[in-house]
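Read off the chains here:
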Amino acid sequence: MTTTLTRPAAAGPVDRSTGGTTLTGTWTLVRSILRRDRVRLAVWAGSVVLFYAYFTFALDTLFADPAAQQARATVMETPAGIVMGGPGYGVDHYTTGVAMANEGITWVVLALALFSILHVVRHTRAEEESNRAELVRAAPVGRHAPAVATTITLVAAQLVIATLSALTMVGTGGLAVVDSFAMTLGSALSAMVFGAVALVLCQVTEHGRTATGLSLAVFGVAFVVRAAGDMRELGGSALSWFSPIAWAQQMRAFVDLRWWPALLSVVAIALLLWLAAVLASHRDFGAGLLATRGGRAAARASLRGPVSLAWLQQRSALLWSCLGLGLMWFASGTMLPDIDEMVGGIAQDNPTVAAIFGADPDQFTLGFLGVMMLYGALCCAAYAVVMGLRPKAEESAGRAEVVLALPVSRARWLGAQLLVAGVGTAVLLAVSVYAVWLGGVAVDGGGPDLGAYTTVLVGYLPAVLVYLALTAALYAWVPRATGAGWALLAYTFVIGMFGGLIEDLPDAALWVSPFHWVPTAFSEDLDVGYLLGLSAVVVLLLGAAVAGFRRRDVASA
């Protein structure tokens, strides 16, 4: 018997183009990121542009008088002013533009760096950690496509924010167009350096929270290096140049503009992106270059409960928030003795200043301090909103479903998350308030006593907790509407800072803000009725949150 082997018919020429490259699918992922984050990106852009608008308006309105501007420049030459502001370019002729560049760049870079870090971690390491990236990679998507798509969307978002911010400065304060764009673009480039650092750390670490924490630590080091370098010499010293924050400040916008320091940011970004690509090529998908240390085989008895679990999940955020806000408000407190010198006599001649800080020059420092307390409470309210969204993040990642599969009730799990978040918010508010007091005591020991600061703390605490309770209630009943917590925070900021300047503003518009019901810090006595009313609102919203979470389905990962 003869067996005949026949060759299969040719299937036609092989299309090798379908093999793809490491960048295959990049533009598809770009469109996906923009679609997923359209609301998030809009909120970040609007917030930063609003900051530029407010800062420009405040400087151009409150400190339009040349004498007031020079008094402010004198304060910015003090050690506290240098730490909180910048190297001190143009202090001999302090205009609105110079003040924007000297005092605002550090905080703009901070906000944009935070945005960059969160954006990068969210779309790279967090995607691998949640296993969504594995599904994406099952399609024709290259190894480096997610990171490149994340970088492209980050650059596009930063460019839009920089453009809108520059136009806002020009339109609000009539500032020079070229210098405005130089300031906003330089700040965006410096912030993207930290985004590139986050991309590198996403290859090194296995968890998104670790990458985020280390990236923020890098920013903290850069802030300290910049401050130490600027304090050594007016205009900055050689040490200042080791910080990316200084590269935007050294462009000297509105003083003696030069573009070449921005090239340092461009070079740093390029080198970090190259390093991230090399590291990504030498690690396993889903893993980091550094192996995660193994934990205990069995948890201690003190950790076997939802409260201890919530504490483990939230303690790092609380620690770093207390450290960052504590240092910021301590430095702010050291400037209190110079407030009268800076703007003490303006209130009598400037109705805008009088509407915000009060018309009595003898009480001006207390009025200014009250505004600082409002800022501090707003920062703590932002922390409360973030922690109020923590249960939503646990549910989205599938970890809540695992916990609830154990003998743990829904009310107990959610209550533990909110309990730790509420206590953390109270601690953060106390750190912020008492840090200002310590700053003032460290300089001259004057100002309100510790009891007055404690009264402010007690008055603001229920109002701040309203944001946590509202966010939790929205999460329990309408998870898609949790952004309303941020909307209320933005509304509170506008009403708190500009409400006194808006003519014929109806009282109902003020009632929406929880801070409207808080007595003016250091000027009014604590009202027990309002305090109990806000506390009742918090209790009702938290009860609604628990009731709503018990009624609805829990999303599966």
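Look above for the structure.
Scope of this entry: the structure provided in the associated data block. (Residues numbered from 1 in each chain as written. Predicted model: local features only at pLDDT ≥ 70, side-chain atom pairs only at ≥ 80, totals over all residues. Heavy atoms only, no water.)

### Description of the overall build of the chain
Inference 1: Counting secondary structure elements, the chain contains 23 helices and zero strands.
Inference 2: Put simply, the chain has 557 residues, and 48% of those count as buried.
Inference 3: Counting contacts in the chain only where the partners sit at least 6 residues apart, residues at least 24 apart contribute 76% of the total.
Inference 4: Only carbon and sulfur atoms are counted for the fraction: they give 65% of the accessible area of the chain, which is about 26500 Å². (Helix = DSSP H or I, 4+ residues; strand = E, 2+ residues; numbered from the N terminus. Buried < 20%, exposed > 50% of the residue type's maximum accessible area, 1.4 Å probe, protein only. Contact = heavy atoms within 4.5 Å. Areas by Shrake-Rupley, 256 points an atom, 1.4 Å probe, with all protein chains shown as cover.)

### A look at the nonpolar core
Inference 1: Judged by nonpolar contacts, the single largest core of 67 residues is most densely connected at Met-373, Trp-413, Tyr-460 and Phe-515.
Inference 2: The set of elements that each furnish at least two residues to this core consists of helix 2 (38-62), helix 13 (306-333), helix 16 (364-388), helix 18 (399-404), helix 19 (410-443), helix 20 (450-477), helix 21 (484-498) and helix 23 (528-551).
Inference 3: In terms of residue count, helix 20 provides more of this core than any other element does, 15 residues in total.
Inference 4: Those residues within four positions of Trp-413 in sequence are excluded, and the remaining contacts are Pro-306, Pro-391, Glu-394, Ala-400, Val-403, Leu-404, Val-408, Tyr-475 and Phe-549. (Core = buried A, V, L, I, M, F, W, Y, C linked by side-chain atoms within 4.5 Å.)

### Some thoughts on the packing of helix 1 (residues 26-36) against helix 8 (residues 145-173)
Packed helix pairs are specified by the crossing angle of their axes together with the interaxial distance, meaning the distance between the axes.
Inference 1: Closest axis-to-axis distance for the helix 1/helix 8 pair is 8 Å, and the angle between their directions is 50 degrees. Here helix 1 is positioned oblique relative to helix 8, judged by the angle of their axes. Between helix 1 and helix 8 lies a crossing of right-handed hand. Every residue of helix 8 that contacts helix 1 at Thr-26, Trp-27, Leu-29, Val-30, Ile-33 and Leu-34 is listed here: Ala-145, Pro-146, Val-148, Ala-149, Thr-150, Ile-152 and Thr-153.
Inference 2: Residue composition of the contact of helix 1 with helix 8, by class: 10 nonpolar, three polar and no charged. (Axes fitted to C-alpha atoms, helices over the stretch in contact; angles between N-to-C directions. Parallel < 35°, antiparallel > 145°, perpendicular 65-115°, else oblique. Left-handed = near helix turned anticlockwise from the far one by under 90°. Nonpolar A, V, L, I, M, F, W, Y, C, P; charged D, E, K, R; others polar.)

### Some thoughts on a nonpolar patch on the surface
Inference 1: A cluster of nonpolar side chains, contributed by Trp-260, Leu-263, Leu-264 and Val-266, occupies part of the molecular surface with about 370 Å² of accessible area.
Inference 2: Checked against the element boundaries, Leu-263 lands in helix 12 (residues 261-280).
Inference 3: Judged by its relative accessible area of 55%, Leu-263 falls in the exposed class. (Patch = residues over 30% accessible without salt bridge, like charges linked within 9 Å, V, L, I, M, F, W, Y side chains within 5 Å. Salt bridge = Lys/Arg side-chain N within 4 Å of Asp/Glu carboxyl O.)

### Considering the side chain of Ser-308
Inference 1: Here Ser-308 lies in helix 13.
Inference 2: Polar contacts involving the side chain of Ser-308 include one to the main-chain carbonyl oxygen of Gly-305, which spans 2.8 Å. (Polar contact = N/O pair within 3.5 Å; in protein donor to acceptor, adjacent residues only side chain to side chain.)

### Re empty space enclosed by the protein
Inference 1: Taken as a whole, this structure holds three cavities of 30 Å³ or more when the rule is applied.
Inference 2: Elements represented by at least two residues in the lining of the largest cavity include exactly helix 5 (96-123) and helix 11 (244-249).
Inference 3: Ranked by residue count, the leading element in the lining of the largest cavity is helix 5, at four residues.
Inference 4: Taken together, the residues of the lining of the largest cavity break down into eight nonpolar, three polar and one charged. (1 Å grid on protein atoms, 1.4 Å probe; cavity = no way out; pocket = protein on both sides within 12 Å on 5 of 7 lines; lining within 4 Å. Points joined across faces, edges and corners; volume = space filled by probe spheres on them.)

### Structural notes on helix 12
Inference 1: Taking 1.5 Å as the rise per residue, helix 12 with 20 residues should run 28 Å; its terminal C-alpha atoms sit 29 Å apart, in good agreement.
Inference 2: The complete set of buried residues in helix 12 reads Pro-261, Ala-262, Ser-265, Ala-268, Ile-269, Leu-272, Ala-276, Leu-279 and Ala-280. Considered in projection along helix 12, the buried side chains sweep an arc of 115 degrees and stay on one side of the axis. Facing away from the buried side of helix 12, by more than 90 degrees, are the exposed residues Leu-263, Leu-271 and Trp-274.
Inference 3: Close packing links the buried residues of helix 12 with helix 9 (177-204) and helix 11. (Expected span 1.5 Å × (residues − 1). Arc of directions from axis to C-beta.)

### Remarks on the pattern of salt bridges
If charged atoms from side chains of opposite charge come close, those side chains can pair.
Inference 1: Across all of its chains, the model carries 11 salt bridges by this definition.
Inference 2: Among the salt bridges present, the one from Asp-256 reaches Arg-252, with a minimum N-O distance of 3.7 Å.
Inference 3: Exposure remark for Asp-256: the relative accessible area of 45% places this residue in the partly exposed category.
Inference 4: Note that Glu-394 and Arg-390 form a salt bridge whose closest N and O atoms lie 2.8 Å from each other. Here Glu-394 pairs with Arg-390, and both are found in helix 17 (residues 390-396), just four residues apart, close to one helical turn. For the pair formed by Glu-394 and Arg-390, the shared burial category is buried.
Inference 5: Overlapping salt bridges bring together Arg-36, Glu-127 and Arg-132 as one network.

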